[in-house]
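Working through the structure, step by step
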Amino acid sequence: MSRNISNFEKAIILIVIMGAIFGAGTYFIIIPAYEDVGKVNTQIEEKNRQIDEAMQLMVREIQIDETMAESRERAANVNEGFFPEMTTTEAVTMVQTILNGANYGRGFTAEYGIHVTDIEEGLLSLQVFSGGKDIKYALREFATLFSAEEAPAASSDEEEFNPALMAAEYLLGANADELEILDKTAEFLAEPISLQLTIVEMLKGSSLSAEERQKLLSFMREILVITDSGVGMITAEFTLRIPYNEYLDFLDYLHAYPLRMEVNTAILFQDNDSSILNNIKFDESTGLADIDFKLFIYVVKPMELPEVQLPDRSEAEEDDGQ
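Computed from a predicted structure; not experimentally measured.

**Notes on the packing of aromatic side chains**
Evaluated as defined, the whole model comprises ten aromatic pairs. Look at Tyr244 and Phe282: their rings are 6.3 Å apart centre to centre, the planes differ by 85 degrees, and that puts the pair in the edge-to-face class. Separated by 38 residues along the polypeptide, Tyr244 in helix 9 (residues 244–255) and Phe282 in the loop between strand 6 (280–281) and strand 7 (288–299) bring together distant segments of the chain. In this structure an aromatic cluster arises from ring pairing among Phe83, Phe108, Phe238, Tyr244, Tyr247, Phe250, Tyr253, Tyr257, Phe282 and Phe293. In this structure, Lys184 packs its charged tip against the face of Phe188, placed 5.4 Å from the ring centre. One Lys or Arg, Arg260, reaches over the ring of Phe82 and ends 4.5 Å from the middle of that ring.

**Side note on a negative patch on the surface**
Residues Asp177, Glu178, Glu180 and Asp183 make up a contiguous surface patch of negative charge. Of note, Glu180 is situated in helix 6 (residues 178–190). According to the relative accessible area criterion, Glu180 is partly exposed, its value standing at 41%.

**Comments concerning helix 5 (residues 163–172)**
When we look at burial in helix 5, the residues that qualify are Pro163, Ala164, Met166, Ala167 and Ala168. The inward-facing, buried residues of helix 5 contact helix 6, helix 7 (192–204) and helix 8 (210–223). Looking one or two residues past helix 5, Gly173 carries a phi angle of roughly 90 degrees, positive in sign.

What counts and what doesn't
- Residues numbered from 1 in each chain as written.
- Predicted model: local features only at pLDDT ≥ 70, side-chain atom pairs only at ≥ 80, totals over all residues.
- Heavy atoms only, no water.
- Phe/Tyr/Trp six-rings, centres within 6.5 Å; stacked < 30°, edge-to-face > 60°.
- Helix = DSSP H or I, 4+ residues; strand = E, 2+ residues; numbered from the N terminus.
- Lys NZ or Arg CZ within 6 Å of the ring centre and 35° of its normal.
- Patch = residues over 30% accessible without salt bridge, like charges linked within 9 Å, V, L, I, M, F, W, Y side chains within 5 Å.
- Areas by Shrake-Rupley, 256 points an atom, 1.4 Å probe, with all protein chains shown as cover.
- Salt bridge = Lys/Arg side-chain N within 4 Å of Asp/Glu carboxyl O.
- Lys, Arg positive; Asp, Glu negative; His and termini not counted.
- Charge placed at Lys NZ, Arg CZ, Asp CG, Glu CD.
- Buried < 20%, exposed > 50% of the residue type's maximum accessible area, 1.4 Å probe, protein only.
- Contact = heavy atoms within 4.5 Å.

Okay, structure coming up:
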């Protein structure tokens, strides 16, 4: 026995069918699509991370290339100021060339020839003179001890000078709190290289006072003193028959010579007898004397670096664009 379906029942059936369709669509279409969106977002984030890393590597590589180019240039020019390596015969010729340029271009002639040694190792060192600080001698100590006035205290500026603290304040800026500055100061004391690099940056700027700059320069000079650096050295000995004034002029000439050499110590104290200098007897009739010289000529073999072809950045960028 059949009967007609009421509108209410039709509505219920329609709702059931729509629910089934929506549920199936959600399960088979919407949920997978949503999951795909999450996967795509994850892939996008990973690609962005890879792009950032690639950009950082590219910037770093450019900086390394520039640093290498600068280092190569400095290395290639390290011999500037030194004499080139030479044989003993070439050394004699070089010394004669030096003598020819002396005496205001009129030149000197070695009286008994020029004697040179083979190249051997010589040591260069830098000495930092800190005169005026902490002067001590016996009578000064007694004068200070028994003086009616109180002995002057050490300069407060000297006591308070703290390059690590200055560097920390410079690096962190005016807004840093005291704890941050103390932590950075301790870090600099534990890592001297970082401190020195920061001081170099400070010296490049213009924010330092003249006094601060001088203190930091003195601090860096004492750190960067180079001792026992070996270079090539040729010793040349000769004798010049010259008057006293030409002797002094010759010392000035050697001092101003553009290449590196050193004359053996010249002590300029004179005897009461004006014709005697350093136990050297000048002929009173001519004013001439035979004066022995010993020159240390410093030589360096020029560094020959192979050519290095650095990558062409413009070509690399075009390839990336394609």
